[in-house]
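# Breakdown of the fold
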Amino acid sequence: PKAIYLKDYQAPDYWIDQTNLTFDLYEDHTMVTSVLSIYRNLDNKSGKQGEDNLPELVLVGDDLELISVEIDDKPFSDFKVEGGFLKILSLKESFTLKTVCRINPQENTSLEGLYKSNGMFCTQCEAEGFRKITYYLDRPDVMSRFTTRITADKTAYPVLLSNGNDIERGELDDGRHYVTWEDPFKKPSYLFALVAGDLQHVEDHFTTMSGREVTLRIFTEAHNIDQCDHAMISLKKSMKWDEEVYGREYDLDIFMIVAVDHFNMGAMENKGLNIFNSACVLASPETATDARFQRVEAIVAHEYFHNWSGNRVTCRDWFQLSLKEGFTVFRDSEFSADMNSRGVKRIEDVNVLRTAQFAEDAGPMAHPIRPESFIEISNFYTVTIYEKGAEVVRMIHGILGAEAFRKGSDLYFERHDGQAVTCEDFVKAMEDASGRDLTQFRRWYSQAGTPVLNITDEYNEDKKQYKLTIEQSCPATPGQKEKEPFHIPVRLGLLDAEGDELVLNESGATDQVLDVKQEKEVFAFDNIEERPLPSILRSFSAPVRVKYDYSREDLLFLMEHDSDHFNRWDAGQRLANSVIDEMVAAFEQGRELSVDRSLIEAFGTVINDESLDLAVKAEMLSLPSEASLAEQAVEVYPQFIHQARQQVKKAIAEAHKDSLEALWQSLNVHKPYRPEAEDIAERTLKNTCLSYLTSIEDKAMLALAEQQYHGASNMTDRFAALVSVINAGNHDRELIDEVLADFLELYHQDTNVMDQWLSVQAASPSLGTLEHILTLMQHEVFDETSPNKLRSVLGGFAGNMKQFHRTDGLGYEFLTDQLLDLDKKNPQIASRLMTPLTRWRKFEPGCRERMRKALERIKATPGLSSDVYEVVTKSL
Ligand code: HT7
Ligand code: ZN
């Protein structure tokens, strides 16, 4: 496999004006007939010249059986099929190319291109899946008008869908039928979609801001039809929000969503026909937790928002992926903040960023949000492109202000509607609309790594002046040793000894954004009567690490007084982090250390603070996850991290048992389920209390979980109780087995609920042993062709600090065996599940060596996919 480079980008030699496809679907094969109206790109003078002085037309195809080629309706033979390319010589300036290919969707286990999931046909073409369907210019800058005719057996596949509007349908011989779809908008091949199956749908309507009526349909298999309401409500909310906040209106007469069980990612924004992983669209109170309800809302919104940020204005090449993904994640994150609790959403987003993205940015796969090269584009659908990309857009929003940002987005959509463009075009539109200079800011697009801010301060009593010195640096990342300084917006507040906010400038503001641009900068604040305590990087105004020497007293003070909810939460996290870190260091030296009382008391204050918003309280009571503790550690000792965190949790629970129990009782009221922010906050807090209480080895506390499990009227409470029983450990194994069996009995027919049943076991420190993982993989609810099942079991296990990192290395060996097997069937999933091993350099010497060996074994295996090859070679 070879790398391709952004610097080598060239426009194509030909364009495709019109794409007419016919799919004849059969049980053992599919015939794809493609008729393309092609014309020369006269702006492009480069390219290999053929006999008539016209460049060769090079179409790409993968795993296709080419049956015939015609040009302008005549059989044509002056072509070559070489290494995945169909090369056509002796051409005219414009012509019609007809190809017929035979493909085998039923044997397609990669879930790219056309494949079958539970008996239905469906497609996934982003990024480079269309080439598995037919020979094409499968690149996002080639935008074409598509019509698609599908023929299939009418009984097995009564529903035949593609992009755009359904313009013709009818009966054929032998019990077959056909439907023709026409998409009036030009689009790149990655947005093409086809679905054929025995599906039911729910229908609703939306009237757009200009008064057009749009039909909305969600398709699923019949047994899931009662789980579509939440997605439909979310879709209508998204359509309205995009009109109100961005002035963006939907453009076709119909918008369709289809739920499929076998899907490599969450969902796909194909024009007018979104295809969703069923886990990201189906939800009912009985089967879905609050987290799932919120995920469905966010992903429905994300895919819908792509209609403008991605489809109407798309990417010129895949190096620009963050242009659509970063912007769309920013849009969906703001939508979720508006629909639910803004404070909680910010904390959740930052948790993901700090845990997963910071780790990626510090590891062997680190890349800028606009990468300069890649071997396999599927490896670049990363937390960096998505989440860091969204943070970069958020910073632009912060620097410009909401009004100028909206002008910038209007200008961007107006200038580039119907085009395939670059990140530079986006930044330029923002600059032009606002008059702000983003020259230095552009470095966020080209430089990888998480910047570090080293902050010190001094107070001059005589001058009544407070000075903050900020030094920025950024660690080296692959291919980028030295970094230029970033433009970093740092939101700051200063607190006096009473916890009141100080005035920072003449305008009377108590909160100010410092535009940090130099390697070292000093910011002075006058008329400060006493030494203040800084509240730095409020609401996480930039994706950076802040190093400031807060004492534990400072953190306790911020936890209690900071008016910025994010920093109040963050102070608690820093405190817990430092306590756990100290314990890990002691364990490492063979010492025991008891839990610092100040942390226990601080958490007690939070538990008993009746003025705190319940959602914020639940977040403040959540200890940093093991993964985030590992990310922040200099060297990771997995067993000690697990042990220390458990000890801290138990100490807090024992010290505040009565308050936690009282709080749990007060919230354990039965009312009809609503996925609304206030109700979610109550359930989250109640279940946080239960999780603490069951960490105490006390039968009475376990009985509370058992009571909640059986009495629950919704999945959130039932599942939380199940998790609490399991995580309480093996001291009541009988109860664990009983509850797991009951859960299986109740929900075995719901594949998405079973994913959770599998993952909670795989991730459990006590239950998720290697032996148990093997049993789960033999279980009838497991399906080795389902990415969701693989993620639940293998992903759950690889996140299990205690069991995956067992000291004999068998956890790594097992994952390696599974990955090598999976790579032959579904390389995208194999490559993604390898991520935990790629972090080997951060681990203590024993783990490090064993993980490295596992990677060496993968690397030495012949016939690796380009996906796994790229990750393993970059990791070692
Ligand atoms: N734009 C979509 C990306 C996607 C994808 C990429 C690679 C392989 C499979 C995939 N399924 C969906 C999803 C999104 O960001 O909206
Ligand atoms: Zn997206």
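How each quantity is defined
- Residues numbered from 1 in each chain as written.
- Chains lettered and ligands numbered in written order.
- Predicted model: local features only at pLDDT ≥ 70, side-chain atom pairs only at ≥ 80, totals over all residues.
- UniProt positions renumbered as here; feature names shortened; annotations may be inferred.
- Helix = DSSP H or I, 4+ residues; strand = E, 2+ residues; numbered from the N terminus.
- Rg over C-alpha atoms; globule rule 2.2 N^0.38 Å.
- Buried ≥ 20, exposed ≤ 12 C-beta atoms within 10 Å, placed from the backbone.
- Expected span 1.5 Å × (residues − 1).
- pLDDT = per-residue confidence, 0-100.
- Core = buried A, V, L, I, M, F, W, Y, C linked by C-beta atoms within 7 Å.
- Contact = placed C-beta atoms within 7 Å.
- Domains from an automatic or database assignment.
- Nonpolar A, V, L, I, M, F, W, Y, C, P; charged D, E, K, R; others polar.
- Pairing = 2+ DSSP bridges.
- Axes fitted to C-alpha atoms, helices over the stretch in contact; angles between N-to-C directions.
- Parallel < 35°, antiparallel > 145°, perpendicular 65-115°, else oblique.
- Left-handed = near helix turned anticlockwise from the far one by under 90°.
- Near = placed C-beta within 6 Å.

As recorded in an unreviewed UniProt entry, the chain goes by Aminopeptidase N and comes from Endozoicomonas elysicola. On record in UniProt, under Cofactor (unreviewed entry), the comment for the chain is "Zn(2+)". In UniProt, the chain has this text filed under Catalytic activity (unreviewed entry): "Release of an N-terminal amino acid, Xaa-|-Yaa- from a peptide, amide or arylamide. Xaa is preferably Ala, but may be most amino acids including Pro (slow action). When a terminal hydrophobic residue is followed by a prolyl residue, the two may be released as an intact Xaa-Pro dipeptide."

## Quick look at the overall build of the chain
Along the backbone of the chain there are 28 helices and 31 strands. For 876 residues, the compact-globule formula gives about 29 Å, and the C-alpha radius of gyration of the chain, at 28 Å, lands near that figure. By residue count, 51% of the 876 residues in the chain fall in the buried class.

## What to know about helix 16 (residues 677-693)
Spanning 17 residues, helix 16 covers 24 Å between terminal C-alpha atoms, matching the ideal 24 Å at 1.5 Å per step. For helix 16, the tally of buried residues reaches 13 of 17 residues, placing the bulk of the element in the interior.

## Section: the confidence of the model for the chain
Mean pLDDT over the chain: 97, with 99% of residues reaching 70 or higher. Model confidence for the complex: the whole-complex pTM is 0.98, and ipTM, which rates the interface, is 0.99.

## Here we look at the nonpolar core
Of all hydrophobic cores here, the largest spans 250 residues; its most connected members are Val195 and Val258. Once you skip the residues sitting within four places of it in the chain, valine 258 turns out to touch Cys122, Leu161, Val195, Phe219, Leu273, Ile275 and Phe276.

## Quick notes on the domain arrangement of the chain
By a widespread convention, an interface's size corresponds to the accessible area lost as its parts come together. You can read the domains of the chain as domain 1 (4-198), domain 2 (314-446), domain 3 (459-551), domain 4 (552-655) and domain 5 (805-876). Of note, the centres of domain 1 and domain 2, computed from C-alpha atoms alone, are 31 Å apart. The interface of domain 1 with domain 2 comprises eleven residues on the first partner and 13 residues on the second. By residue class, the composition of the side of domain 1 that touches domain 2 is eight nonpolar, no polar and three charged.

## Comments concerning the sheet that holds strand 8 (residues 85-88)
Whether parallel or antiparallel, the strands of a sheet pair through hydrogen bonds between backbone atoms. Ordered in space as 4-8-7, the three strands form an open sheet in which the pairing is antiparallel. Only two strands of the sheet have a single neighbouring strand rather than two, namely strand 4 (57-60) and strand 7 (79-82). Each strand of the sheet is rotated relative to its neighbour by a mean of 20°, with strand direction disregarded.

## So, helix 5 (residues 383-400)
Since the α-helix turns once every 3.6 residues, residues separated by three or four places project in the same direction. Over its 18 residues, helix 5 extends 25 Å from the first C-alpha to the last, a length consistent with the 26 Å expected when each residue adds 1.5 Å. Extensive coverage of helix 5 is indicated by the burial of 15 of its 18 residues. Looking one or two residues past helix 5, glycine 401 carries a phi angle of roughly 90°, positive in sign.

## Looking at the pairing of strand 2 (residues 14-25)
With eleven bridges connecting them, strand 2 and strand 3 (residues 30-40) associate as antiparallel partners. For asparagine 20, the partnering residue across the bridge sits in strand 3 and is valine 35. Remark: four residues form the turn of the hairpin made by strand 2 and strand 3, two consecutive strands paired antiparallel. Across seven bridges, strand 2 lies against strand 12 (residues 144-153) in parallel orientation. Looking across to strand 12, one finds that threonine 22 is bridged to arginine 149.

## Side note on the UniProt feature "domain: Peptidase M1 alanyl aminopeptidase Ig-like fold" (unreviewed entry) in the chain
Cross-referencing UniProt, the feature "domain: Peptidase M1 alanyl aminopeptidase Ig-like fold" (unreviewed entry) maps to residues 449-549 in the present numbering. The span residues 449-549 carries 0% helix and 45% strand; its end-to-end C-alpha distance comes to 22 Å.

## Things to note about the packing of helix 1 (residues 229-246) against helix 2 (residues 290-305)
Two numbers describe how helix 1 lies on helix 2: the axes approach to 9 Å, and their chain directions differ by 45°. By the angle between their directions, the pair helix 1 and helix 2 is classed as oblique. Handedness of the crossing formed by helix 1 with helix 2: right-handed. The residues of helix 2 that touch helix 1, namely those facing His230, Ala231, Ser234, Leu235, Ser238, Met239 and Asp242, are Phe293, Val296, Glu297, Val300, Ala301, Tyr304 and Phe305. By residue class, the composition of the contact of helix 1 with helix 2 is nine nonpolar, three polar and two charged.

## Topic: the site of ligand 1
By nearness alone, 15 residues border ligand 1, and Glu126, Asn264, Met265, Met268 and Tyr381 come closest of all. Elements represented by at least two residues in the shell around ligand 1 include exactly strand 20 (267-268) and helix 2. For the shell around ligand 1, the class distribution of residues is five nonpolar, six polar and four charged. When residues of the shell around ligand 1 are assigned to domains, at least three fall in each of domain 1 (4-198) and domain 2 (314-446).

## Concerning the environment of alanine 222
Within the secondary structure layout, alanine 222 lies in the loop between strand 18 (213-220) and helix 1. Taking C-alpha positions, alanine 222 is 8.2 Å from aspartate 198, a pair spaced 24 residues apart along the chain.

## A few points about the UniProt feature "domain: Aminopeptidase N-like N-terminal" (unreviewed entry) in the chain
Following the UniProt record, the feature "domain: Aminopeptidase N-like N-terminal" (unreviewed entry) maps to residues 108-191 here. As annotated, residues 108-191 comprises 0% helix and 51% strand, and the C-alpha atoms at either end are separated by 19 Å.

## Re the sheet that holds strand 11 (residues 120-124)
Pairing is antiparallel in the open sheet, where four strands are placed in the order 10-11-16-13. In this open sheet, the two edge strands, each paired with only one partner strand, are strand 10 (113-117) and strand 13 (159-162). Within the sheet, the average angular offset between the axes of one strand and its neighbour, ignoring direction, is 20°. Bridge count between strand 11 and strand 16 (residues 194-197): two bridges; the pairing is antiparallel. For cysteine 122, the partnering residue across the bridge sits in strand 16 and is valine 195.

## Points about the pairing of strand 16
Side chains Leu194 and Ala196 of strand 16 all project onto a buried face; the interleaved residues Val195 and Gly197 project onto the opposite face, where all are buried too. Where strand 13 and strand 16 come together, four bridges link them in antiparallel fashion. Within strand 16, the position partnered with leucine 160 by the bridge is alanine 196.

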